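Descriptive analysis of the structure
Spelled out from the first residue to the last, the chains are:
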Amino acid sequence: DNTKPSVTGLSNDSVLTRSKTWNWGCSETNCTYRYLIDSNSSNTPSGAYDSTVTATLSSGTGTYYIHVQSKDEAGNESDVVTVSAV
């Protein structure tokens with residue numbers, strides 16, 4: 001199997017809010033994930049993958065981005081999906 005998985009369930013959110021919770025999934029079963037929340041639209045997550053599928057930004061001002069990457073059981077990594085929230 002050399003098919004890349006894809007991250008699902010994320011979209012840009014332009015509604016102003018004080019906190020934001022993101023939830024995501026994978027196009028295949030048994031994926032693991034890594035993610036990064038920051039204010040830079042071009043960063044990528046690094047480090048170990050785990051089973052986390054939810055992240056919360058409890059406060060902040062401005063535009064924030066979440067960058068999520070998945071990996072399937074065969075070790076194939078997805079492209080990084082980046083979405084924003086204000």
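What you see is a predicted model; the values in this text were computed from it and never measured. (Residues numbered from 1 in each chain as written. Predicted model: local features only at pLDDT ≥ 70, side-chain atom pairs only at ≥ 80, totals over all residues. Heavy atoms only, no water.)

Looking now at the sheet that holds strand β7 (residues 81-85). The strand order β4-β6-β7 describes an open sheet built from three strands, whose pairing is antiparallel. Only two strands of the sheet have a single neighbouring strand rather than two, namely β4 (32-38) and β7. Across the sheet, the mean angle separating the axes of adjacent strands is 20° when strand polarity is ignored. Where strand β6 (residues 64-71) and β7 come together, five bridges link them in antiparallel fashion. Within β7, the residue paired with Val 68 across the bridge is Val 81. (Pairing = 2+ DSSP bridges. Helix = DSSP H or I, 4+ residues; strand = E, 2+ residues; numbered from the N terminus. Axes fitted to C-alpha atoms, helices over the stretch in contact; angles between N-to-C directions.)

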